[in-house]
There are 2 protein chains.
Amino acid sequence: MAPPAEPRRRGRPGHDQAAVLATAVRLFNERGYDKTSVYDLAVALGITKSSVYHHVASKEQLLQMAVDRALDGLFEAAGEVRGLDVPALEKLEQLIRRSVIVLSERFEYVTVLLRVRGNTEVEQHALARRREFDALVTELVKQAQAEGGVRPDVDPRTAARLLLGMVNSLTEWYRPRPGGAESIADAVTALAFDGLRA
Amino acid sequence: MAPPAEPRRRGRPGHDQAAVLATAVRLFNERGYDKTSVYDLAVALGITKSSVYHHVASKEQLLQMAVDRALDGLFEAAGEVRGLDVPALEKLEQLIRRSVIVLSERFEYVTVLLRVRGNTEVEQHALARRREFDALVTELVKQAQAEGGVRPDVDPRTAARLLLGMVNSLTEWYRPRPGGAESIADAVTALAFDGLRA
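Residues numbered from 1 in each chain as written. Chains lettered and ligands numbered in written order. Predicted model: local features only at pLDDT ≥ 70, side-chain atom pairs only at ≥ 80, totals over all residues. Heavy atoms only, no water.

Looking at an unreviewed UniProt entry, one finds chain A named TetR family transcriptional regulator and attributed to Paractinoplanes brasiliensis.

S.K.: Sorry if this is basic, but what is going on with the overall build of chain A here?
M.R.: Of regular secondary structure, chain A possesses 10 helices and 0 strands. Taken from the N to the C terminus, the helices and strands of chain A come in the order α-α-α-α-α-α-α-α-α-α. Relative to the globule expectation of 16 Å for 198 residues, the C-alpha radius of gyration of chain A, 21 Å, shows a markedly less compact shape. Its C-alpha atoms give chain A principal-axis dimensions of about 80 × 35 × 30 Å. (Helix = DSSP H or I, 4+ residues; strand = E, 2+ residues; numbered from the N terminus. Rg over C-alpha atoms; globule rule 2.2 N^0.38 Å.)

S.K.: Quick question: what am I supposed to make of the pattern of salt bridges here?
M.R.: Between side chains of opposite charge, a pair can form as their charged atoms come close. For the structure on display, the rule yields 24 salt bridges over all chains. Here R197 of chain A and E93 of chain B are joined by a salt bridge, their closest N and O atoms 3.4 Å apart. A residue pair is termed interchain when its members come from two chains, as with R197 of chain A in the segment after α10 (180-194) and E93 of chain B in helix α5 (residues 88-105). Look at E93 of chain B and you get partly exposed, because its relative accessible area is 22%. With a closest N to O distance of 3.3 Å, R26 of chain B and E30 of chain B form a salt bridge. (Salt bridge = Lys/Arg side-chain N within 4 Å of Asp/Glu carboxyl O. Buried < 20%, exposed > 50% of the residue type's maximum accessible area, 1.4 Å probe, protein only.)

S.K.: What should I look at first to understand the domain arrangement of chain A in this one?
M.R.: Frequently, the measure chosen for interface size is the accessible area that the parts lose on association. Residues and elements named next belong to chain A. Segmentation of chain A into domains returns domain 1 (11-56) and domain 2 (63-194). Each of domain 1 and domain 2 has a C-alpha centre, and these two points are 29 Å apart. Across the domain 1 to domain 2 interface the summed buried area is about 830 Å²; carbon plus sulfur atoms make up 68%. Its largest share of buried area at the contact with domain 2, domain 1 owes to L21, V25 and N29, together 59% of the area lost on that side. Taken together, the connections running from domain 1 to domain 2 amount to 0 salt bridges. Run the count over domain 1 and domain 2 and you get 3 residue pairs in polar contact (both at pLDDT 80 or more). (Domains from an automatic or database assignment. Buried area = accessible area lost by both parts, 1.4 Å probe. Polar contact = N/O pair within 3.5 Å; in protein donor to acceptor, adjacent residues only side chain to side chain.)

S.K.: Which parts of the structure should I look at to understand the packing of helix α1 (residues 17-31) of chain B against helix α6 (residues 107-115) of chain B?
M.R.: A pair of packed helices is captured by two measures, namely the crossing angle of their axes and the spacing between those axes. Residues and elements named next belong to chain B. Direction vectors running N to C along α1 and α6 enclose 50°, while the axes themselves pass 9 Å from each other. When the interaxial angle is binned, α1 and α6 end up oblique. The crossing of α1 and α6 is left-handed. Facing α1, whose interface residues are L21, A22, V25, R26, F28 and N29, α6 presents E108, Y109, T111, V112 and R115. Each residue belonging to the contact of α1 with α6 can be placed in one class, and the counts come to 6 nonpolar, 2 polar and 3 charged. (Axes fitted to C-alpha atoms, helices over the stretch in contact; angles between N-to-C directions. Parallel < 35°, antiparallel > 145°, perpendicular 65-115°, else oblique. Left-handed = near helix turned anticlockwise from the far one by under 90°. Contact = heavy atoms within 4.5 Å. Nonpolar A, V, L, I, M, F, W, Y, C, P; charged D, E, K, R; others polar.)

S.K.: Quick question: what am I supposed to make of the confidence of the model for chain A here?
M.R.: Detailed reading of predicted coordinates is not advised where the pLDDT is low. Per-residue confidence for chain A averages 91 on the pLDDT scale, and 92% of its residues sit at or above 70. Note on residues 1-13 of chain A: pLDDT is under 50 here. Beyond four places in sequence and across chains, it has 8 contacts. (pLDDT = per-residue confidence, 0-100.)

S.K.: Can you help me understand α1 of chain B in this one?
M.R.: Given 3.6 residues per turn, any residue in an α-helix points the same way as the ones three and four places further on. Residue and element names in this part refer to chain B. A rise of 1.5 Å per residue sets the reference length of α1, with its 15 residues, at 21 Å; its end C-alpha atoms lie 21 Å apart and thus fit the reference within 8%. Every buried residue of α1 is accounted for by V20, L21, T23, A24, V25, L27, F28 and N29. The elements touched by buried residues of α1 are α2 (38-45), α3 (49-55), α4 (59-82) and α6. Taken from the residues just after α1, G32 is the one with a positive phi, measuring 95°. (Expected span 1.5 Å × (residues − 1).)

S.K.: Honestly, the interface of chain A and chain B in this entry has me stumped. Any pointers?
M.R.: Each side of the interface is counted separately: chain A has 35 residues, and chain B has 35 residues. Across the chain A/chain B interface, buried area totals approximately 3300 Å², and carbon plus sulfur atoms make up 60% of it. Interface area lost by chain A to chain B is led by L162, L196 and R197 of chain A, which between them contribute 24%. Here chain A and chain B share 8 salt bridges between them. D34 of chain B is paired through a salt bridge with K35 of chain A; the nearest N and O atoms lie 2.5 Å apart. One can count 22 residue pairs in polar contact (both at pLDDT 80 or more) joining chain A with chain B. When residues of the side of chain A that touches chain B are assigned to their parent elements, the largest contribution, 8 residues, is made by α10 of chain A. Tallied by class, the residues present in the side of chain A that touches chain B amount to 19 nonpolar, 6 polar and 10 charged.

S.K.: Got a minute to help me understand the side chain of S169 of chain B in this structure?
M.R.: Mapped onto the elements, S169 of chain B comes out in the loop between α8 (156-168) and α9 (170-173). Residue class for S169 of chain B comes out buried when judged on its relative accessible area of 8%. Those residues in contact with S169 of chain B, other than ones at most four positions away along the chain, are R161 and G165 of chain A.

S.K.: It is not clear to me how the packing of aromatic side chains should be interpreted in this structure. Could you clarify?
M.R.: Each aromatic ring pair is described using two quantities: the centre-to-centre distance and the angle formed by the ring planes. All names here are of chain A. On inspection of all chains with the given rule, the structure shows 6 aromatic pairs over all chains. Judged by centre distance (4.9 Å) and plane angle (80°), the ring pair of F28 and Y33 falls under edge-to-face. Across from the ring centre of Y33, 4.2 Å away, lies the NZ or CZ of K59, which sits over that ring. (Phe/Tyr/Trp six-rings, centres within 6.5 Å; stacked < 30°, edge-to-face > 60°. Lys NZ or Arg CZ within 6 Å of the ring centre and 35° of its normal.)

S.K.: Please clarify how the relation of the copies chain A and chain B should be interpreted in this entry.
M.R.: Both copies of the chain are related through a single rotation about an axis accompanied by a shift along the same axis. Taken as rigid bodies, chain A and chain B are interconverted by a rotation of 180° and an axial shift of 0.0 Å, the fit giving an RMSD of 0.0 Å. Between the two chains, the operation in question is that of a two-fold axis. Both copies share a contact surface, since 100% of the interface residues of chain A are interface residues in chain B too. (Least-squares fit on C-alpha atoms with pLDDT ≥ 70 in both.)

S.K.: I keep staring at the environment of L162 of chain A and nothing clicks. Help me out?
M.R.: All names here are of chain A. In this structure, L162 sits in helix α8 (residues 156-168). Relative accessible area serves as the criterion here: at 0%, L162 is assigned to the buried category. Taking the C-alpha atoms as reference, L162 lies 8.9 Å from A192; in sequence the two are 30 residues apart.

Structure, rendered in structure tokens:
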């Protein structure tokens, strides 16, 4: 008589949901989200399409998980900064610095987030959370202006968008390397808060 | 007897090559280059596909014309700045300011350029010209550092990329309006050269 069957494993050993997500995010960035199919993902993982569906319900769920991983990092940083007992200018500087660190540590996830243009519900939700984060940064610029920490002649919303534009541009040309996040964060904050002029 | 035939007009009246290009660029930005067909373009223009081919040889030619229009503007600005008899810091500031103006005036064309990821020859060529422009900006930062105009503690290449990252981010959130280019250029150069700190 054959031994009793082992409980069936979900997916192939070594391919948990996190691994599926990491590979999906790499493919989204290489080929674009629209051009990546669940079949492509299965091939890249060396498993069957139905094994992929053991781990995730849909390609859209993977997009949701990817953008949430990026956005959660940014909102955690904003939460930590809010609790600091320092002037608004320093909170703003800390938040920009931490945004660079999040971008560096969750590079592929933030890259997916920044390419979202927004047709589906998942994409619309991601864009709404990005706007919410922009608004937090704008609010900090306003507070810092009120406290006299930020120059009064810049529009807070424009300043926030230029700051985040500079940070987000890292996905276009920066490649994370061990220990590199701190030095790129130094360069961003030096330029943003003190300017290039000697 | 019928009068001699007039020489046949190319395309429909009012649809010259510039109009075809402008509509193509709008569609590329709305739908993505890959998802825009010559048929879509004909529909948007209200002409036939073969009328489109009176004006342009291919979709790829339209992409080439679009990215060249953006890049030519940037290189013209660089050429003008090179001829100025001022310190390198001021040349750099002028080039960043003029890049903002070019981006504002050729907004849709620069947006197409910045979304090019580069598989085809046209795209590779556009990316090579972008790198060439980045190198010009890096060179100006280096010269300005040598002259003592730019702080010595930033890497020139990183500074150039952050400057252009900030400028290029405008395609994501800025919408050109009459007279708006100068004030956004002021905000960019204020932040980049003197920083946000009061």
